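Examining the three-dimensional arrangement
For reference, the chains in residue letters:
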Amino acid sequence: MVLLCPVQSWTPIGTTMQITKIITHVLKTPLGKERFYSSQAAFPERTSLLVRLETDTGLVGWGEGGQYGPPEPVAACIHAVLGSQVLGSDPRNPAVLWERLYSMIRDFGQKGPYLEAISAIDIACWDLLGQATGLPVHTLLGGAFRESVTAYATGCYYRGEHAFGVSEDALQALADEARSYVEDGFRILKIKLGLLSIEADVRRIEVIREAIGPNVTLLADANHAYNVSNALRVGRELERLDVRWFEEPIVPEDLEGYRHLRQKLAIPIAGGECEYTRYGFRNLFAQGCVDIAQPDLCCAGGFSEFLKIQALALAHHTPVIPHVWGSGIALATALHALAATPWQPYTYLPVALQNEPVVEYDRNPNPLRDDILEQPFKLVEGKVAVPSGPGLGVTVIGSKLDKFTVTRQESKSS
Ligand code: CA
C-alpha cells in the first residue's frame, strides 16, 4: 500500500534548506492624470523592486527594495554582486546571511542600492523562515505587542492642475481631500510641505486644519526642503497650528542641524527614512537628532537590521515608527515590525502616537499596494490588521505581478 501524503508545507528546523533561484521583478505603473509632487520630485508612476527567493523545498519567499529611486540599480546589485553569496545559503539564518552580504559591499556600498538589495533579500529570508517554522514574522521577532496598528493617512500632496499654487480652487480641493481621510476613519493625517513658499505652505496647512477641526492629529513632512533657519521659521508655524511632528525638515546629512532644531523647537522632529543600517541610526541617536526614528525596512536593512536599530532606539528612549512606501510587501513588512515594537514607554493604557506606534498608510494612488496581494489591506476603525499567516502572511497574485513587471531577471544555482 502506498500512502499519498499532502505536500509538506514546512521544513523542520535541523534539515537543510537552500536558496536555489533569485528572481527580481522591476515593477512600474503609470499614474497618468493622478501624478503628484512632493517638495523634491514628481511622481508620474509608482515603481518598486520585488525579490522572489525560491528554495529546494518548494517554499518561496518575497522581499522588497528599491521603492525610492530607480529600482533597476537594486536589481543589478543583486544579480551582479550579491547573488553568488545568496544562492546555496540557508534562508533560515537571515542574520548570518546579512553579515556576509554586508561584508561584501562595506568598502563601496554602505548606503543606497546595495542596502536596498540586502533589505529585499533579508525580508524574503524572514518570509521563508516563517513559512519553514509555520510562524508569522512578528512572532519570530519576539512576539506581537498588538494584532492591529493604528494607521495615519499620508496625503495632501501637491496635485494636478492645483499643484503649484494656492488659488481658491486649489485650497478647496485640498480641504476636500483632507476631509475625505477623516470620513474614511483616520484620526491622524500627515501632509506635505516644502514645495511652495513658506507663506503658501502655511496657508495650505491652515486650510487643512480648518477642514478637519481640532480633534484630528496633524503631522507634516518637508522631505528635507529647508535650511536650518527656514526650518525654524516653519517649525514655529507648525507649533502654532498644533502639528505634532515635523518630518525631515532639513537634509539627512546635516546631523548638527537636526540637533540644533531639536533643541530650539518644541515640535517633535522625525527623520531617518534616508538613513541606513545600525551605523546610520547610531549617529542619529548619539547626536540627539530625532524625537522619532523612521527606518524604512526595505532600505535600512530588512528585519535583521531593524532589530538592531530598534535596540539602539530603545536604549536611547526614542520611539521607532517605520517609514512605509512601496507595494503591499513593504506594507506587510512594516506591519510585522510594528507588531513587534514595544511601547515607548509602557503605560497601562497606551495611546496611539503618544506611546503606541502607528503605521504610515500612504493614500496616494498605488496599484502596487492595492492590487498585488491576495490579502488586500483594509482600514477598520482606523486600524490595519497585522498579517497572521506564516512568514509575511501574504500571497502575491501572479497575474498582477506580470501586469506590473517591466523587467524580470533571474539567477540560479549552477
Ligand atoms: Ca517622509
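Residues numbered from 1 in each chain as written. Predicted model: local features only at pLDDT ≥ 70, side-chain atom pairs only at ≥ 80, totals over all residues. Heavy atoms only, no water.

1. A few points about the layout of surface pockets
Within this model, the largest pocket holds a volume of roughly 500 Å³. Broken down by secondary-structure element, the contributors of at least two residues to the lining of the largest pocket are β3 (42-43), β4 (45-55) and β8 (188-192). It is β4 that provides the largest number of residues to the lining of the largest pocket, a total of 3 residues. Broken down by class, the residue content of the lining of the largest pocket amounts to 10 nonpolar, 9 polar and 10 charged. There are two domains that each give the lining of the largest pocket at least three residues, and those are domain 1 (19-134 + 395-408) and domain 2 (139-385). Of the voids in this model, the second largest pocket is the one considered here, and its volume is about 350 Å³. As for the second largest pocket, its lining consists of 22 residues, and the residues nearest its centre are A352, L353, Q354, N355 and E356. (1 Å grid on protein atoms, 1.4 Å probe; cavity = no way out; pocket = protein on both sides within 12 Å on 5 of 7 lines; lining within 4 Å. Points joined across faces, edges and corners; volume = space filled by probe spheres on them. Helix = DSSP H or I, 4+ residues; strand = E, 2+ residues; numbered from the N terminus. Nonpolar A, V, L, I, M, F, W, Y, C, P; charged D, E, K, R; others polar. Domains from an automatic or database assignment.)

2. Structural notes on the side chain of E54
Position of E54 relative to the elements: it lies in strand β4. For E54, a relative accessible area of 17% translates into the label buried. Those residues within four positions of E54 in sequence are excluded, and the remaining contacts are Q18, I19, T20, K21, I23, L59 and V60. (Buried < 20%, exposed > 50% of the residue type's maximum accessible area, 1.4 Å probe, protein only. Contact = heavy atoms within 4.5 Å.)

3. Some points on the domain arrangement of the chain
Each assigned domain of the chain is listed with its residue range as follows: domain 1 (19-134 + 395-408) and domain 2 (139-385). Interface of domain 1 and domain 2: buried area, both sides summed, is about 4,000 Å²; carbon and sulfur atoms make up 63% of it. The largest contributions to the domain 1 side of the interface with domain 2 come from Y37, R46 and Y68, which together make up 18% of the buried area. Counting across the interface, domain 1 meets domain 2 through 3 salt bridges. Counting across the interface, domain 1 meets domain 2 through 24 residue pairs in polar contact (both at pLDDT 80 or more). Elements with a minimum of two residues in the side of domain 1 that touches domain 2: β1 (19-30), β2 (36-37), β4, β5 (60-65), α2 (94-105), α3 (113-133) and α14 (398-404). Here the side of domain 1 that touches domain 2 gets 9 residues from one element, more than from any other, and that element is α3. (Buried area = accessible area lost by both parts, 1.4 Å probe. Salt bridge = Lys/Arg side-chain N within 4 Å of Asp/Glu carboxyl O. Polar contact = N/O pair within 3.5 Å; in protein donor to acceptor, adjacent residues only side chain to side chain.)

4. Points about the sheet that holds strand β15 (residues 405-412)
Strand order in the open sheet made by the 4 strands is β5-β4-β1-β15, with antiparallel pairing throughout. The open sheet has two free edges, formed respectively by β5 and β15, since each of these has just one partner strand. Between one strand and the next, the sheet's axes are offset by a mean angle of 20 degrees, whatever the strand orientation. Taken together, the 7 bridges between β1 and β15 define a ladder with antiparallel strand orientation. Across the sheet, residue K21 finds its bridge partner in β15, namely K412. Sheet strands in contact with helix α1 (residues 72-86) are β1, β4 and β15, and its direction is about 175 degrees off that of β1. Along the sheet, α3 makes contact with β1, β4 and β5, crossing β5 at roughly 150 degrees. (Pairing = 2+ DSSP bridges. Axes fitted to C-alpha atoms, helices over the stretch in contact; angles between N-to-C directions.)

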